[in-house]
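# Coordinates in review
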Amino acid sequence: MRKTTLLSCALLMGTYAMAQQALFGGGEIKSPEINADHTVTFRVQAPKAVSVQVSGDFLPETLIDTPQGKWAVNTPANLEEKNGVWEFTTKEPLPANYYTYNFIIDGKKELDLMNVFVNRDVKTLTNYFIITKEKGDQGDLFQVNDVPHGTVRKCWYDSPSLGMKRRMTIYTPAGYEESNKKYPVFYLLHGSGGDEEAWFTQGRVTQVLDNLIATGKAEPMILVMTNGNAYEEAAAGERAGGFAQPEMVMGGVKTGMKEAAFELSFPDIRKYVESHFRTINDKRHRAIAGLSMGSFHSEHISKYYAGEYGYVGLFSGASAGDGRRGKDEAGASPVYADFDKQMANQFSKKNKPYLYYIAIGKTDFLKQGNDGMLKYMDEHGYPYFYRETEGGHIWRNWRTYFIEFSQKIFK
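Below is a short write-up of the structure. (Residues numbered from 1 in each chain as written. Predicted model: local features only at pLDDT ≥ 70, side-chain atom pairs only at ≥ 80, totals over all residues. Heavy atoms only, no water.)

### Observations regarding empty space enclosed by the protein
Stated precisely, the cut-off is as follows: Grid points spaced at 1 Å and placed over the protein atoms alone form the basis of the search, with a cavity being a set where a 1.4 Å probe fits but cannot get out and a pocket an open set showing protein on both sides within 12 Å along at least five of seven lines. Lining residues have an atom within 4 Å of a point. Grid points are joined across faces, edges and corners, and a volume is the space filled by probe spheres set on the points. Following the grouping adopted for this structure description, the nonpolar residues are Ala, Val, Leu, Ile, Met, Phe, Trp, Tyr, Cys and Pro, the charged ones are Asp, Glu, Lys and Arg, and the polar ones are all others, Gly among them. Strands here are runs of E lasting at least two residues and helices are runs of H or I lasting at least four, both read from the DSSP assignment and numbered beginning at the N terminus.
One pass over the full model with this rule turns up three cavities of 30 Å³ or more. Volume-wise, the largest cavity comes out at about 50 Å³. The wall of the largest cavity is formed by G193, G194, D195, N229, Y231, E232, A235, A236, R239, P246 and E247. Residues of the lining of the largest cavity, tallied by class, amount to four nonpolar, three polar and four charged. In this structure, the second largest cavity is lined by R120, D121, V122, G193, G194, D195, E197, A198, T201 and Q202. Among the secondary structure elements, those contributing two or more residues to the lining of the second largest cavity are β11 (118–121) and α3 (198–201). Across the lining of the second largest cavity, the residue classes break down as two nonpolar, four polar and four charged.

Have a look at this one:
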């Protein structure tokens, strides 16, 4: 009996010691470590590993062939081992920005367990860190600063068009609750595989808007982040039917779903927002933008409901020149049919947007289609603003486009 008691005590002491270490961080290695010169050091304890690499959006890109064409991917960097701890420091200081990364240990992608800051993009979990060099730089925009903060709500709304209750994320600016003022609305759409959490978590758009509004660089606005997957109620883990894994599926492409189901359901979203929030309901005070699939949605929603959105943003996805659009397709949804006529109506004197913003990375796999869109716009004399950046189909670019676009609207 006494031996059992001593053993139990020993086990309890060991557990207590481990808990103490977890609480106070004893013996932990630091990763990532942002050095004084803004280089970054990554470390991982893996004494039995044969090879360890870090893959992140701060590393150089390589073009690879895929079924969808050439994709730009970051080239992993090798860590060096000493006494079971692997380490890598970037050769150059990193610019102020928001960065994501993973470790690759013996060919298997792993999280950095020393870094508790993790985001989900579709099925991929990544660590992240932010570099800020001075007040107001791009990294600083992603920080929680000492400025007035807006409110984020997770709202359920009725969508008769889709036959279900659905969820969206809505940001109201600082001071909304304390006033009777009405605000403009920016509808922000995610990409394929994303959901109503994507821009909120991966984009850090609420922190960005807090900071831009506080410094007068952006107008106070309501930001609506919808779920563009017409077949589902809400983000993974937030909908009925258990914990189904997120899917990399175009929003309207699902068995039993009508073509352009999401676009046709958009009035349901507008109805909820405009009846539950203090909004200014006219073209000058309504914007829509999205990334990739969300760009596709924004393109078609803005032309199908011509004259209702004064500001349109297409981030990494505009593709009117892909050989299909500009032509009537037999049996096509009314959202997609008569493309030329709808575009002509959208850019008529009465309906023309105040801003039609197109942006893409130089190595984005959709660049060719995007170039076709620019050609189409030029041929028809439709005005637009164009931004081309380094890099491919990546969140770093989409955050940049959001920052710029949000400062151009409602002025």
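### Points about helix α8 (residues 367–380)
The α-helix advances 3.6 residues per turn, and as a result positions three or four apart in sequence lie on the same side. The test is simple: For a helix, the expected span equals 1.5 Å multiplied by the residue count minus one. Only protein chains enter the accessibility calculation, which uses a 1.4 Å probe. A residue is then buried if its area is under 20% of the maximum for its type, exposed if over 50%, and partly exposed in between.
Taking 1.5 Å as the rise per residue, α8 with 14 residues should run 20 Å; its terminal C-alpha atoms sit 20 Å apart, in good agreement. When we look at burial in α8, the residues that qualify are K367, G369, N370, G372, M373, L374, Y376 and M377. In the segment just after α8, G381 is the residue with positive phi, at about 70°.

### A closer look at the sheet that holds strand β13 (residues 151–159)
What counts is decided by this rule: Two strands pair under a simple rule: DSSP has to find at least two bridges between them. Note on geometry: axes are C-alpha line fits, over the in-contact stretch for helices, and angles between N-to-C directions span 0 to 180 degrees. The contact rule is simple, with two residues in contact once any of their heavy atoms fall within 4.5 Å.
Sheet architecture is open: eight strands sit in the order β13-β14-β16-β15-β17-β18-β19-β20, paired in mixed fashion. Across the chains shown, the open sheet's two edge strands, defined by having one partner strand only, are β13 and β20 (385–389). Strand after strand, the sheet turns through a mean of 20° between neighbouring axes, direction not considered. The pairing of strand β15 (residues 185–189) with strand β16 (residues 222–225) spans four bridges and is parallel. The residue bridging F186 from the neighbouring strand is L223, located in β16. Against the sheet, α8 contacts β18 (311–315), β19 (355–361) and β20, and its axis sits at roughly 150° relative to β19.

### Looking at the sheet that holds strand β1 (residues 33–34)
Strands sit in the order β1-β2-β8-β7 across an open sheet of four strands; the sheet is antiparallel. Lying at the two open borders of the sheet, with one neighbouring strand each, are β1 and β7 (80–82). The pairing of strand β2 (residues 40–45) with strand β8 (residues 85–89) spans five bridges and is classified as antiparallel. Among the inter-strand pairings, T41 is bridged to a residue of β8, identified as T89.

### Re the pairing of β20
The side chains of a regular strand alternate between both faces of the sheet. Heads up, the rule is: The definition of a right-handed crossover adopted here requires that, viewed with the strands pointing away, the path from the first strand over the helix to the second runs clockwise.
Across five bridges, β19 lies against β20 in parallel orientation. Bridged to I360 within β20 is E388. Traced from β19 through α8 to β20, the parallel crossover comes out right-handed.

Nothing here speaks to function; it is geometry throughout.
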